[in-house]
Amino acid sequence: MGAELLERVRQEAGLSQEALASRAGTSRPTLSAYEHGRKSPTLATVERLLDSAGFELTAEPKVTFREVPLRRGRPIFVADRLWRLAIKDAFAEVTLPLELNWLRPGATFRLSDRRQRARCYEVVLREGMPADILRYVDGALLVDLWLELVLPRDIRDAWQPVIAEATG
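Residues numbered from 1 in each chain as written. Predicted model: local features only at pLDDT ≥ 70, side-chain atom pairs only at ≥ 80, totals over all residues. Heavy atoms only, no water.

Colleague: Whenever I open this one, the overall build of the protein confuses me. Can you help?
Modeller: Within the protein, the secondary structure is distributed over nine helices and four strands. Reading the helices (α) and strands (β) of the protein from amino to carboxyl end gives α-α-α-α-β-β-α-β-β-α-α-α-α. Taking 15 Å as the expected radius of gyration for a compact globule of 168 residues, we find that the protein reaches 20 Å, considerably beyond that expectation. Each principal axis of the C-alpha distribution contributes one length, and for the protein these read about 60 × 35 × 25 Å. Looking at the protein as a whole, 40% of its 168 residues are labelled buried. When contacts within the protein are restricted to residue pairs at least 6 apart in sequence, long-range pairs at least 24 apart make up 53% of them. Positive and negative charge centroids in the protein, built from 25 and 24 side chains respectively, lie 2 Å apart. (Helix = DSSP H or I, 4+ residues; strand = E, 2+ residues; numbered from the N terminus. Rg over C-alpha atoms; globule rule 2.2 N^0.38 Å. Buried < 20%, exposed > 50% of the residue type's maximum accessible area, 1.4 Å probe, protein only. Contact = heavy atoms within 4.5 Å. Lys, Arg positive; Asp, Glu negative; His and termini not counted. Charge placed at Lys NZ, Arg CZ, Asp CG, Glu CD.)

This is the structure:
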């Protein structure tokens, strides 16, 4: 996981291994060994590498889900807290996989459009597994849309305490 993080950050910063290694005061072979998991950097080294790429290391509370049985149909999953997506992900154009959007296969949602984001969130909250919910739904944008979403009463009731806690 750490190796993937370092490589992703370097690529998002648009840096070569040589450039990042130079900025961080290490060698390209050492950085390559970190990125390929052949060597494990200390936390201080990771922080220095991230800082040199223009990123910072942060810790966020882990989001967990509970399965909630519904009166009809399969159960849904409800988070214990809300989370944030990266801006580019929160406003991306997405095509939900068939197992989520079986009613309209191949439909694309522009999450930058409020109405389309609402329709997407409705589908994901009804049909999604935890990984789907974390991938497509932004917590703050969910709160913003909450009163406009068309959801079955039992799904709304299951999510309401999470929304109330966030806006509390």
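There's plenty left to go through after this.
Colleague: What is the right way to read the side chain of Gln17 from this model?
Modeller: Here Gln17 shows up in helix H2 (residues 17–24). A relative accessible area of 15% means that Gln17 is categorised as buried. A distance of 3.2 Å separates a polar atom in the side chain of Gln17 from a polar atom in the side chain of Arg28. Once residues lying within four places of it in the same chain are set aside, the contact partners of Gln17 are Arg10, Arg28, Leu31, Ser32, Glu35 and His36. (Polar contact = N/O pair within 3.5 Å; in protein donor to acceptor, adjacent residues only side chain to side chain.)

Colleague: What's the story with the packing of H2 against helix H4 (residues 43–52) in this structure? I'm lost.
Modeller: When two helices pack together, their arrangement is given by the angle between the helix axes and the distance between those axes. Where H2 meets H4, the axes come as close as 9 Å, and the angle between the chain directions of the two elements is 115°. When the interaxial angle is binned, H2 and H4 end up roughly perpendicular. Considering the relative orientation of H2 and H4, their crossing is right-handed. Packed against H2, whose contacting residues are Leu20, Arg23 and Ala24, the element H4 presents Arg48, Leu49 and Ser52 at the interface. In the contact of H2 with H4, the residues fall into three nonpolar, one polar and two charged. (Axes fitted to C-alpha atoms, helices over the stretch in contact; angles between N-to-C directions. Parallel < 35°, antiparallel > 145°, perpendicular 65-115°, else oblique. Left-handed = near helix turned anticlockwise from the far one by under 90°. Nonpolar A, V, L, I, M, F, W, Y, C, P; charged D, E, K, R; others polar.)

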